[in-house]
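Observations on chain architecture
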Amino acid sequence: MNDGLVKILDGNTFVVSDACGDIEASMTDPTGLFSYDTRFLSKWVLNVNGQRLNALSTDDLQYFETRFFLVPGTGTVYVDADLSVIRSRAVANGFSESLVILNHSSEQVELSVRIDIDCDFADLFEVKDALKKKGRYGRSVDDQALLLHYQRETFLRSTRISSNVACQVDEHGMSFDVRVEPHGRWTVELRVEVSSPMVELPIRGSSQKTQRSAATLARNLDTWIESAPRLESDSDPLKITYKRSLIDLAALRFEAPILPRQHLPAAGLPWFMTLFGRDSILTSLQALPFAPDLAATTLRALGAWQGTSLDDFRDEDPGRILHEMRYGELSAFEERPQSPYYGSADATPLYVVLMDEYEKWTGDSKLVKRLELETRAALKWIDKYADLQGNGYVSYERRNEKTGLENQCWKDSWDSISYKDGNLPGFPRATCELQGYAYDAKIRGARLARMIWHDLAYAEELEREAADLKRRFNRDFWIDDGKYFAIALDEEGRHVDTLTSNIGHLLWSGIVDKSKAKAIASHLMGPRLFSGWGVRTLAVGESRFNPIGYHVGTVWPFDNSFIAWGLRRYGFKEEAARIAEGILAAAQFFDGRLPEAFGGYERSMTRYPVQYPTACSPQAWSTGAPLLLLRTLLGLEPVGDHLLVDPGLPDSIGRVELLDIPGRWGKIDAFGRGRIDTDRTARRFRGKTSSTSSSARHPRS
Amino acid sequence: MEPVDKSAGALNGDATDNYFRELVAAGEEPLLRETVGTLLINLVEGEQTSHSLVKIDKGKVAVLRRASGGEAIIQCERDLFNKMVEGRKNAMAALLRGEISLGGNLALVSAFVRLFPGPLQSQKTFMEREIKRSR
């Protein structure tokens, strides 16, 4: 990977090392063996005859295993080494590592091989924020194993390192006296096992307890790829991006302890390998046509953890869908609220959106019946707990003022919501996309009430509320002189008046009046928002605009995938194709793996997308973006028991065939051929920021 | 086999006893309407351990004095359990601290633990907000 670090993982457990496979972490350094948000190894350094090794190459076999080819030496000049070392590592409840030393000479060699071992048992958040530990460390040795442990009151975490070959174990490592015959080899298998309440749980039917071998994981990956639709296309980059997305999505799956043997997407690798409401829902939505089981597990897991009471520390309300779950020491001692934390204002309406979309694709009405109460509780949360100002809009303000989140929408950095002059509004804040999600949740909730729960009165009530919300929203959020929607209403109900990508989500939700859609599409494709690669988070010309500002000017692939979907919903086929073309073209610069965000520079200026430096790659919703873009380009829309296909492909992509799309129809193929000249679309919008209000196009829904 | 439970807590009528009584008296708990199963709760108090077998049948709850059976097990100090059912301690955080031992079907445990109330102070905050909002 481009930061020089090698990362492998399986679910909640991952290893980050240097290119030699060594780990030498400090309290602020993010290498190590991590499981359930705790570091279980902070030092793991291999020496041969007192010398560190040099990496000839690293072979990333799969996301869960890797192999390092090493030679002894000074690190400056490669000499013809008489020895080579192959270090193979696979993650499995900790990891296992095999060392093979090959003697290439015709002389017998005697070597002293040593691994230095240590652990700081840091919480992931401590690594990020450099916090001090409060507990006691201990270490003990029995004949073939080293045990490292950490204790704070009843909180106990330990790591056990063992070898299958006789060795000298001391409190700081293991030493081997090795003799290798001429042209011979020497091998040792090392096992690193972690212990914590989450790992120890005797989970019924879980694969966590059984030893997960690399072979099992490899079979599992093959099955995963085979069961996804097959993509045929004239565009090789598209095929590469598609395959990359499927493999990365496989790596991002994990098992929640309460739902053994079922997988849902975590938010990002490696630091966000945990349940996030927003990320898991949006990724499941993006992946629905390709891997619908992810949505089912996400709905069940988030339903099981849905808030049931009021808890200010966790910003929990009845019916609220969680934001983030963490298992480390800081969560355990309530120094951080992620046990779990509920401070997200969008996950709850989006939960209902996913529920409905999932049923439309799969016809799995059984799950919708089973989760009826959870879905109703989520809908109730919108009106009872999220309307903080009593003005009929969803807004947010944290109750946990110390460690809660200030911005509870997807743009969660401190300066993401600003007025034109750069000032920041007070709280509560009612951002516009939240109203769109709430509207969509009510419309979709009404469909479920009518079709699945057979509660006509409830369906009508929800539809009335949705219509009322839409009417008020189009009046109260609309900035007439700019012809777009304010990003938010502030604590006084005034416009927070910047032009942002959030207006694209409004199209996706369907809350935009038909008469206003054309103006919104023009803004999205106009020079202030559209960079040529995609839509910027914040428009050029706004006071806080910065092309490499996290939520204030960068282009987010996930954001764009939903914007493109929204444009299609209102009939803007060419515009959607233009966005898809830009994002998919950007993916080529990253071997098909889209970063979380890239710079909002003009495409013609940089010619390549400048990656925003973030710690996580792949990121779940960036991985899902090409999938949703494919759906959008092919115009896939489930209607009753059928799948409508209405392609709108850019000519640069050419032919696209998506075969065996799973759903309530069984399996269906979709075909399309690129006919849209996206360059022409681009020219049409250059120098045009707003436009007249009439639209010849009609919403699809 | 029906071992008689003579633990002090059980005779005191503490928070746990009240909680179980109210749960049974409520007749139907909507949050458990999809749940069927038995959960053994072992509460340790000094030398003694009290055992309760919670039977959940689609929303209906029965609590038996029984020390065996159960598709899932929760074991912890009775004092901690008292605090959890009063909203003074959080179950997930306690589990991560190693103060609770769990076994068996975790979906069942999580369904049961969801019923625990939140902190009283948080309910007061909400009431105050509601009053302010209605003005």
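Residues numbered from 1 in each chain as written. Chains lettered and ligands numbered in written order. Predicted model: local features only at pLDDT ≥ 70, side-chain atom pairs only at ≥ 80, totals over all residues.

**Brief notes about the overall build of chain B**
Per the secondary structure count, chain B includes 6 helices and 5 strands. Secondary structure elements of chain B occur, N-terminal to C-terminal, as α-α-β-β-β-β-α-α-β-α-α. Here the C-alpha coordinates of chain B stretch approximately 60 × 35 × 30 Å along the principal axes. Among the 135 residues that make up chain B, the fraction classed as buried is 34%. (Helix = DSSP H or I, 4+ residues; strand = E, 2+ residues; numbered from the N terminus. Buried ≥ 20, exposed ≤ 12 C-beta atoms within 10 Å, placed from the backbone.)

**Digging into the environment of A:Leu499**
Secondary-structure assignment places A:Leu499 in the loop between strand 25 (495-496) and helix 13 (502-509). Each C-alpha atom, one on A:Leu499 and one on A:Gly343, is 25 Å from the other, the two residues being 156 residues apart in sequence.

**Here we look at the interface of chain B and chain A**
On the side of chain A, 29 residues touch chain B, which itself brings 28 residues to the contact. Elements with a minimum of two residues in the side of chain B that touches chain A: helix 4 (91-97), strand 5 (101-104), helix 5 (106-113) and helix 6 (120-134) of chain B. (Contact = placed C-beta atoms within 7 Å.)

**Comments concerning the sheet that holds strand 1 (residues 6-10) of chain A**
Hydrogen bonds along the backbone pair up the strands of a sheet, which may run parallel or antiparallel. Residues and elements named next belong to chain A. Pairing in this open sheet of 4 strands is antiparallel, and the strands run 1-2-4-5 from one edge to the other. With one partner strand each, in any of the chains shown, strand 1 and strand 5 (38-41) form the two edges of the open sheet. With strand direction ignored, the average angle separating the axes of adjacent strands in the sheet is 25°. Of the pairings in the sheet, the one linking strand 1 to strand 2 (residues 13-17) comprises 5 bridges and is antiparallel in character. (Pairing = 2+ DSSP bridges. Axes fitted to C-alpha atoms, helices over the stretch in contact; angles between N-to-C directions.)

**Thoughts on the packing of helix 15 (residues 557-569) of chain A against helix 16 (residues 573-588) of chain A**
Residues and elements named next belong to chain A. In contact at an axis separation of 8 Å, helix 15 and helix 16 are set at 160° when each is read in the N-to-C sense. Taken together, helix 15 and helix 16 sit at an angle that is classed as roughly antiparallel. As helix 15 runs across helix 16, the sense of the crossing is left-handed. Side by side, helix 15 and helix 16 meet where Pro557, Asn560, Ile563, Ala564, Leu567 and Arg568 of the first sit next to Lys573, Glu575, Ala576, Ile579, Ala580 and Ile583 of the second. Residue composition of the contact of helix 15 with helix 16, by class: 8 nonpolar, 1 polar and 3 charged. (Parallel < 35°, antiparallel > 145°, perpendicular 65-115°, else oblique. Left-handed = near helix turned anticlockwise from the far one by under 90°. Nonpolar A, V, L, I, M, F, W, Y, C, P; charged D, E, K, R; others polar.)

**Here's the deal with the sheet that holds strand 21 (residues 430-431) of chain A**
The strand order across the open sheet built from 3 strands is 21-24-25 (chain A), with neighbouring strands paired in antiparallel fashion. Only two strands of the sheet have a single partner each, and these edge strands are strand 21 and strand 25 of chain A.

**A few points about the pairing of strand 4 (residues 72-77) of chain B**
Side chains on a regular strand alternate between the two faces of the sheet. Residues and elements named next belong to chain B. Bridge count for strand 1 (residues 36-45) against strand 4 is 6 bridges, and the pairing is parallel. Along strand 4, the bridge assignment pairs Leu40 with Ile73. Here strand 4 runs beside strand 5; their pairing, made up of 4 bridges, is antiparallel. By the bridge assignment, Ile73 is partnered in strand 5 with Gly103.

**Side note on the packing of helix 8 (residues 347-362) of chain A against helix 11 (residues 432-451) of chain A**
Residue and element names in this part refer to chain A. Orientation of helix 8 relative to helix 11, taken along the N-to-C sense of each, is 40°, at an axis distance of 8 Å. The pairing of helix 8 with helix 11 is recorded here as oblique in orientation. Both helix 8 and helix 11 take part in a crossing whose hand is left-handed. Here helix 8 contributes Pro349, Leu350, Val352, Val353, Met355, Asp356 and Glu359 to the contact with helix 11, which in turn contributes Tyr437, Ala438, Asp440, Ala441, Arg444, Gly445, Arg447 and Leu448.

**Concerning the domain arrangement of chain A**
Residues and elements named next belong to chain A. If you check the domain split of chain A, you get domain 1 (6-200) and domain 2 (228-685). Taking the mean C-alpha position of each, domain 1 and domain 2 sit 40 Å from one another. Taken together, the contacts link 19 residues of domain 1 with 17 residues of domain 2. Going through the elements one at a time, strand 1, strand 2 and helix 1 (124-129) are the ones with two or more residues in the side of domain 1 that touches domain 2. Looking at the side of domain 1 that touches domain 2 element by element, the count peaks at 3 residues for helix 1. Grouping the amino acids of the side of domain 1 that touches domain 2 by side-chain chemistry returns 11 nonpolar, 3 polar and 5 charged. (Domains from an automatic or database assignment.)

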